[in-house]
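Examining the three-dimensional arrangement
Here's the letter readout for the chains.
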Amino acid sequence: MSLSINDIKFNNEQLKKSKKSGINNSKEIVKYYSDNYLNNRTLTAKLSVAKRFFMENGYDKRFVVHLYPDKNITKQVIKDNQNVLEKTRFIQIKKSYVDNIINNYPNEKNSYLKLSIYLLLSSGRRLSEILSSEYSADPEKRNFVIVDKLLKKRDDSKNFSIRIIGNRNIFLEAMKTFKDLTSEFKPMTIQQGIQKYIRHNYSSVGLKTSHFFRVLYANYLVKYENPDNILYNIYLKEALNHNNYLTSINYSSINVVDG
């Protein structure tokens, strides 16, 4: 979701005099959004985008921190999200299904399509990040790799350490093979081919797009690679590099079961 032309016009007109505006201007922004976006989910989403807009354009954090809707609205949105998830949490994937991909797909050295499935699932990265980022072994953490850039990041760090399902050396080798196989194709052509391959071969089990493999990765990790029993939202915030805990709610539509 992006800011509309009217939003940006309002933002610039209201705040062009100072980049260190305080709580009063924050309240004006919230009132503007509340008046123009009556749907609670849209309102909270728009304010979230607004925060990012102001932060990226140098506004003081003391101003940005006050850009939030009424607490009752936030509570209602969270409750609505939970109700929706209860209705949609129907995709069940057996652990053996995941293990088969992790253990066997790296051997498909002539198929960039199957390798892409393995890379998506074992790393939990977005498809665009598989195509554009560089990966290397994390010298400080076993079975973690360093990725040089992410599509969405919560800070200014240049490198990110991510957990790999399975063996990281196999992951890095598969990544190199995948890059070699796709080096002569345009990124858009590769993305379209992979998404089509997923729709045709994995929709029957509920994995309809590349994003579902990210969701599967998250739920596999939190169940089988979480010896300290860290709370779901807290664990996923770190594993997926989310900005906040609430984002992880959207990742509970897949349940990994034994078998």
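Residues numbered from 1 in each chain as written. Predicted model: local features only at pLDDT ≥ 70, side-chain atom pairs only at ≥ 80, totals over all residues. Heavy atoms only, no water.

1. Some points on helix 10 (residues 187-202)
Test applied: Secondary structure is summarised from DSSP: a helix means a run of H or I of at least four residues, a strand means a run of E of at least two, and numbering begins at the N terminus for each. For a helix, the expected span equals 1.5 Å multiplied by the residue count minus one. Only protein chains enter the accessibility calculation, which uses a 1.4 Å probe; a residue whose area is less than 20% of its type maximum is buried, one above 50% is exposed, and one in between is partly exposed. Working definition: the arc comes from the directions between the helix axis and the C-beta atoms, pointing outward to the latter.
When the terminal C-alpha atoms of helix 10 are compared, their 22 Å separation across 16 residues agrees well with the 22 Å that a helix rising 1.5 Å per residue should span. Among all positions in helix 10, only Ile190, Ile194, Tyr197, Ile198 and Tyr202 are buried. Taken around the axis of helix 10, the buried residues stretch over an arc of 100°, which confines them to a single face. Among the exposed residues of helix 10, those pointing more than 90 degrees away from its buried face are Met188, Gln192 and His200.

2. Structural notes on the environment of Ser253
Among the secondary structure elements, Ser253 is positioned in the loop between helix 12 (232-239) and strand 5 (254-257). Put simply, Ser253 and Leu216 are 37 residues apart on the chain and 9.0 Å apart in space, counted from C-alpha to C-alpha.

3. Concerning the packing of aromatic side chains
Applied cut-off: When two rings of Phe, Tyr or Trp (its six-membered ring) have centres within 6.5 Å they constitute a pair, described as stacked for plane angles under 30 degrees, edge-to-face for angles over 60, and tilted for the intermediate range. To sit over a ring, a charge needs its Lys NZ or Arg CZ within 6 Å of the ring centre and within 35 degrees of the ring normal.
This structure, assessed with the given rule, holds seven aromatic pairs. Relative to Tyr224, the ring of Tyr220 lies with its centre 5.1 Å away and its plane at 45°, an arrangement referred to as tilted. Linking Tyr220 with Tyr224, this pair stays in helix 11 (residues 210-224), spanning four residues, or about one helical turn. Here the aromatic residues Tyr112, Phe178 and Phe185 are joined through ring pairs into a cluster of three or more. Positioned above the aromatic ring of Tyr224, the side-chain terminus of Lys95 is 5.3 Å from the ring centre. We note Lys114 situated over the ring of Tyr105; from NZ or CZ to the ring centre the distance is 5.2 Å.

4. What about a nonpolar patch on the surface?
Basically, it comes down to this: For patch detection, residues must exceed 30% relative accessible area and be free of salt bridges, and they are connected within 9 Å for like charges or within 5 Å for nonpolar side chains (Val, Leu, Ile, Met, Phe, Trp, Tyr). For the accessible areas, the method is Shrake-Rupley and the probe is 1.4 Å, while residue cover comes only from the protein chains on display. One speaks of a salt bridge when a side-chain nitrogen belonging to Lys or Arg is within 4 Å of a carboxyl oxygen belonging to Asp or Glu.
A cluster of nonpolar side chains, contributed by Ile230, Leu231 and Ile234, occupies part of the molecular surface with about 260 Å² of accessible area. Among the secondary structure elements, Ile230 is positioned in the loop between helix 11 and helix 12. For Ile230, a relative accessible area of 36% puts it in the partly exposed group.

5. Looking at the sheet that holds strand 2 (residues 135-137)
Either a parallel or an antiparallel arrangement is found when strands of a sheet pair, and the pairing is made through backbone hydrogen bonds. Counted only if it meets this: Here, strands pair whenever DSSP counts at least two bridges between them. Every axis in this analysis is a line fitted to C-alpha atoms, fitted for helices over the stretch in contact. Angles between the N-to-C directions lie between 0 and 180 degrees. Contact definition: two residues touch when any of their heavy atoms are within 4.5 Å.
One open sheet accounts for three strands, arranged 2-3-4; its pairing is antiparallel. Of all the strands in the sheet, the pair left with one neighbour each is strand 2 and strand 4 (160-163). Taking the axes of each pair of neighbouring strands and ignoring which way they run, one obtains an average angle of 40° across the sheet. For strand 2 and strand 3 (residues 144-147), the ladder comprises three bridges, and the chain directions are antiparallel. Bridge pairing in strand 3 links Ala137 to Val145. This element, helix 9 (residues 168-182), spans strand 2 and strand 3 of the sheet and lies at about 150° to strand 2.

6. Concerning the pattern of salt bridges
Under the defined criterion, the tally for this structure stands at six salt bridges. The partner of Lys176 in a salt bridge is Asp180, and the shortest N-O contact between them spans 3.2 Å. Of the two residues, Lys176 and Asp180 both sit in helix 9, four residues apart, roughly one turn of that helix. According to the relative accessible area criterion, Asp180 is partly exposed, its value standing at 46%.

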